[in-house]
Amino acid sequence: FRSADGKQEGIGGPHNGPWYIWPMSQVVRALTAETDKEIADSLVMLREGARATGLLHESFAKDSTASYTRAWFAWCNSLFGELILTLADSHPHLIFKDGGVSPRLL
């Protein structure tokens, strides 16, 4: 699914309702990405999808991240933690800047 403004995209499924994106699909996209841009784009989508609560949800409406299922989803948040640890090793320039966290993640 892709939002009308093109800022969100990802895989979803029928049990959450039509047009709901799974943030977990965005995490997996970042884990399997072949370019820095694809990883960075995934991180931005994840950040925006978590804006309401600071946590990743089970799913959110493709055109409104404020409409989501499960305020927190442990499986997705745990996989996101694995993503950050992986990036710290393989692509630190995407998450760290000048010894601190990159503004991209804030």
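Residues numbered from 1 in each chain as written. Predicted model: local features only at pLDDT ≥ 70, side-chain atom pairs only at ≥ 80, totals over all residues. Heavy atoms only, no water.

1. Comments concerning the packing of helix 1 (residues 23–32) against helix 2 (residues 36–49)
To keep it simple, the criterion reads: Working convention: axes come from line fits to C-alpha atoms, limited for helices to the stretch in contact. Angles between N-to-C directions cover 0 to 180 degrees. The secondary structure listing takes helices from DSSP runs of H or I that are at least 4 residues long and strands from runs of E that are at least 2 residues long, numbered from the N terminus. Roughly parallel refers to an angle under 35 degrees, roughly antiparallel to one over 145, roughly perpendicular to one between 65 and 115, and oblique to any angle outside these ranges. Left-handed describes a crossing whose near helix is turned anticlockwise from the far helix through less than a right angle; right-handed describes the clockwise counterpart. Whether two residues are in contact is decided by their heavy atoms, any of which lying within 4.5 Å being enough.
Interhelical geometry of helix 1 versus helix 2 gives an angle of 155 degrees and a closest axis separation of 8 Å. Our classification of the angle between helix 1 and helix 2 gives roughly antiparallel. Handedness of the crossing formed by helix 1 with helix 2: left-handed. Facing Pro-23, Gln-26, Val-27, Arg-29 and Ala-30 of helix 1, the residues of helix 2 in contact are Glu-38, Ile-39, Asp-41, Ser-42, Met-45 and Leu-46.

2. Notes on the packing of helix 2 against helix 3 (residues 74–90)
Helix 3 packs onto helix 2 with a crossing angle of 145 degrees between their chain directions and a minimal axis gap of 13 Å. At the point where helix 2 passes helix 3, the crossing takes the left-handed sense. When helix 2 is examined against helix 3, the residues Ile-39, Leu-43 and Leu-46 are found in contact with a partner set consisting of Phe-80, Leu-83, Ile-84 and Leu-87.

3. Concerning the nonpolar core
Our working rule: Nine residue types can take part in a nonpolar core, namely buried Ala, Val, Leu, Ile, Met, Phe, Trp, Tyr and Cys, and a core is a set of them joined through side-chain atoms within 4.5 Å. Burial classes: relative accessible area under 20% of the type maximum marks a residue as buried, over 50% as exposed, and values in between as partly exposed (1.4 Å probe, protein chains only).
Val-27, Ile-39, Leu-43, Leu-56, Cys-76, Leu-83 and Leu-87 are the most contacted members of the largest nonpolar core, which has 16 residues in total. If you list the elements that add at least two residues to this core, you get helix 1, helix 2, helix 3 and helix 4 (92–95). Of all the elements, helix 3 adds the most residues to this core, at four residues.

4. Looking at the pattern of salt bridges
Counted only if it meets this: Whenever a carboxyl oxygen of Asp or Glu lies within 4 Å of a side-chain nitrogen of Lys or Arg, that contact is scored as a salt bridge.
Applying the stated criterion to the full structure yields seven salt bridges. Of the charged contacts in the structure, one is a salt bridge between Asp-63 and Lys-62, with a shortest N-O distance of 2.8 Å. What emerges from the salt-bridge pattern is a single network uniting Arg-47, Glu-48 and Arg-51.

5. Description of the packing of aromatic side chains
We apply this condition: Aromatic pairs are defined between Phe, Tyr and Trp rings, using the six-membered ring for Trp, whenever the two ring centres lie within 6.5 Å; interplanar angles under 30 degrees are classed as stacked, those over 60 as edge-to-face, and all others as tilted. Two conditions define a charge located above a ring, namely a distance within 6 Å from the ring centre to NZ of Lys or CZ of Arg, and an angle within 35 degrees of the ring normal.
Applying the stated criterion across every chain, the model contains two aromatic pairs. Each ring, one from Phe-1 and one from Trp-19, has its centre 5.2 Å from the other, and the planes form 65 degrees; the classification is edge-to-face. Taken as a pair, Phe-1 in the segment before strand 1 (20–21) and Trp-19 in the segment before strand 1 lie far apart in primary sequence, 18 residues in all. Stacked on the ring of Trp-19, the Lys or Arg Lys-62 has its end atom at 5.5 Å from the ring centre.

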